[in-house]
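An overview of the molecular structure
Given next are the chains, with one letter for each unit.
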Amino acid sequence: MSSIGNGVGIAVLPDVFSYTDQIVNLILVGNPNETNEFVLVDAGMPNSAEEIKGMVQERFGEHAVPKAIILTHGHFDHVGSIAALLEDWNVPVYAHEEELPYLTGQKDYPPGDPSVDSGLVAKLSPMFPNHGINISSLVNALPTDGSVPFMPNWQWIHTPGHTPGHVSLFREQDGMLIAGDAFVTVKQESLYKVMTQTKEISGPPKYYTTDWDAAYESVKKLEALKPQVAVTGHGLPMSGEELEESFQYLVEHFSEIGRPESGRYVN
Ligand SMILES: [Zn+2]
Ligand SMILES: [Zn+2]
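The sections below set out a description of the structure shown in this document. (Residues numbered from 1 in each chain as written. Chains lettered and ligands numbered in written order. Predicted model: local features only at pLDDT ≥ 70, side-chain atom pairs only at ≥ 80, totals over all residues. Heavy atoms only, no water.)

**Some remarks on the overall build of the chain**
- Helix and strand counts for the chain come out as 8 helices and 12 strands.
- A compact globule built from 267 residues should have a C-alpha radius of gyration of about 18 Å, and the chain, at 17 Å, falls within 12% of that.
- With the C-alpha coordinates aligned to their principal axes, the bounding extent of the chain is approximately 50 × 40 × 40 Å.
- Evaluated residue by residue, the chain yields a buried proportion of 58% over its 267 residues.
- Relative to all contacts within the chain whose residues are 6 or more apart in sequence, the contacts with residues 24 or more apart total 63%. (Helix = DSSP H or I, 4+ residues; strand = E, 2+ residues; numbered from the N terminus. Rg over C-alpha atoms; globule rule 2.2 N^0.38 Å. Buried < 20%, exposed > 50% of the residue type's maximum accessible area, 1.4 Å probe, protein only. Contact = heavy atoms within 4.5 Å.)

**Focus: the coordination of the zinc ion (ligand 1)**
- Around the zinc ion (ligand 1), the protein contributes the donor atoms His73 (NE2), His75 (ND1), His162 (NE2) and Asp181 (OD), which lie 2.1 to 2.4 Å from the metal centre.
- Between the 4 donor atoms coordinating the zinc ion (ligand 1), the angles at the centre fall across 88 to 175°, so the site counts as irregular.
- Read in sequence order, the donor residues coordinating the zinc ion (ligand 1) give the pattern H-x1-H-x86-H-x18-D.
- The zinc ion (ligand 2) is placed at 3.3 Å from the zinc ion (ligand 1), the two being bridged by Asp181. (Donors = N, O, S within 2.8 Å, 3.2 Å for Na, K, Ca; no water. Tetrahedral: all angles 85-135°; square planar, octahedral: opposite > 155°, others 65-115°.)

**Notes on the packing of aromatic side chains**
- Within the structure shown, the criterion is met by 6 aromatic pairs.
- Between the aromatic rings of Tyr207 and Tyr208, the centroid separation amounts to 5.4 Å while the plane-to-plane angle is 50°, which identifies the pairing as tilted. Accessibility classification places Tyr207 together with Tyr208 in one group, the buried group.
- For the ring pair Tyr216 and Phe254, a centre distance of 4.9 Å and an interplane angle of 20° mean the geometry is stacked. Of this pair, Tyr216 sits in helix α6 (residues 212-224) while Phe254 is found in helix α8 (residues 254-258), placing the two residues 38 residues apart along the sequence.
- For Tyr216, a relative accessible area of 23% gives the class partly exposed.
- By way of ring pairs, the aromatic residues Trp212, Tyr216 and Phe254 are connected into one cluster. (Phe/Tyr/Trp six-rings, centres within 6.5 Å; stacked < 30°, edge-to-face > 60°.)

**A closer look at the coordination of the zinc ion (ligand 2)**
- Coordination sphere of the zinc ion (ligand 2), protein contribution only: Asp77 (OD), His78 (NE2), Asp181 (OD) and His234 (NE2), at 2.1 to 2.7 Å.
- Considering all 4 donor atoms around the zinc ion (ligand 2), the spread of angles at the metal, 82 to 158°, places the coordination shape in the irregular class.
- In the primary sequence, the donor residues of the zinc ion (ligand 2) line up as D-H-x102-D-x52-H.
- Overall, the relative accessible area of 1% leaves Asp181 in the buried class.

**Some thoughts on the side chain of Lys53**
- Within the element layout of this structure, Lys53 appears in helix α1 (residues 49-60).
- Among all residues touching Lys53, those that are not within four sequence positions of it are Leu85, Asp88 and Trp89.

**Remarks on empty space enclosed by the protein**
- Following the criterion strictly, the structure yields 1 cavity of 30 Å³ or more and no others.
- Its boundaries defined by the atoms lining it, the largest cavity holds a volume of some 40 Å³.
- What lines the largest cavity is His75, Phe76, Asp77, Phe128, His162, Asp181, Pro205, Tyr207 and Tyr208.
- By residue class, the composition of the lining of the largest cavity is 5 nonpolar, 2 polar and 2 charged. (1 Å grid on protein atoms, 1.4 Å probe; cavity = no way out; pocket = protein on both sides within 12 Å on 5 of 7 lines; lining within 4 Å. Points joined across faces, edges and corners; volume = space filled by probe spheres on them. Nonpolar A, V, L, I, M, F, W, Y, C, P; charged D, E, K, R; others polar.)

**Examining α6**
- For α6, built from 13 residues, the straight-helix expectation of 18 Å at 1.5 Å per residue is met to within 8% by its first-to-last C-alpha distance of 18 Å.
- Where α6 is concerned, the buried positions are Trp212, Ala214, Ala215, Ser218, Val219, Leu222 and Glu223.
- In this structure, the buried side of α6 is in contact with β8 (154-158), β9 (167-171), β10 (176-180), α7 (240-252) and α8.
- The distance from a side-chain oxygen at the start of α6 to the backbone nitrogen of Asp213 is 3.3 Å, and the residue carrying that oxygen is Asp211.
- Immediately beyond the C-terminal end of α6, within one or two residues, lies Lys226, with a positive phi of roughly 50°. (Expected span 1.5 Å × (residues − 1). Polar contact = N/O pair within 3.5 Å; in protein donor to acceptor, adjacent residues only side chain to side chain.)

**Observations concerning the sheet that holds strand β12 (residues 238-239)**
- Spatial ordering of the open sheet is given by β8-β9-β10-β11-β12, a layout of 5 strands whose pairing is mixed. Every interior strand has two partners, whereas the edge strands, β8 and β12, have only one.
- With 3 bridges connecting them, β9 and β10 associate as antiparallel partners. Each bridged residue has a counterpart across the sheet, and for Arg171 the counterpart in β10 is Met176.
- Across the sheet, α6 is in contact with β8, β9 and β10; its angle to β8 comes to roughly 155°. (Pairing = 2+ DSSP bridges. Axes fitted to C-alpha atoms, helices over the stretch in contact; angles between N-to-C directions.)

Such coordinate-based values are descriptive only and should not be taken to indicate function.
Next comes the structure, spelled out in structure tokens:
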């Protein structure tokens with residue numbers, strides 16, 4: 001399964017580069033014209049390590065290695081290649097404290113819920129791996145003061161709901177938001193929309209989200225920051241008026257377009 005954006009990178013800002021690996025985005029933060037220090041946010045699909053290393057080298061030069069990997073959360077499509085990358089890169093990984101049990105082999109995520117949507121991706125979701133991974137030796141909790149290691153001027157924001165320890169990353173000075181799966185800009189349950197990357201703001205991917213009240217609170221928390229540019233875990237970047245209007249619409253209509261009407265994890 002891959003989308004039309006597969007293998008394509010977009011410089012959203014001079015220091016924020018979003019790369020689409022099949023269906024999921026990973027992000028390089030750091031301006032290659034100013035520094036060779038950068039951070040990787042999320043680690044893509046399984047079996048993508050070589051592709052990710054190639055992408056990193058293309059942007060930051062041969063032998064380039066990030067200072068750290070920051071995880072928005074631990075779902076398979078966001079940590080798929082992390083173990084393989086860490087074999088080559090001896091770098092620290094940071095995630096929210098409440099996400100650590102899924103990254104240290106203590107807990108598995110609940111299985112995907114196929115009943116939330118008629119779309120094919122939702123139907124396929126029980127086949128997605130839900131096993132937590134084990135990178136105990138390299139993963140750390142994010143600092144409690146809200147700062148993000150090796151990402152000066154950014155703060156992490158706890159945005160649970162999609163997973164217990166989901167975080168988003170925000171830079172106040174320019175309103176840049178890396179939202180992970182707190183909300184996304186493609187209707188991730190629909191294979192057609194994923195393939196064509198049709199832009200459409202949506203709540204977190206439905207088949208995986210287990211706490212819808214928390215997910216709604218998280219969306220409201222992010223909207224209140226009035227981000228100017230957003231890169232989400234799935235879909236294309238959004239900015240300016242389009243982002244503002246879509247985000248407001250999502251908050252006001254969350255019960256219709258965010259939350260599924262029924263499903264295993266809906267009360
Ligand atoms: Zn996810
Ligand atoms: Zn995802």
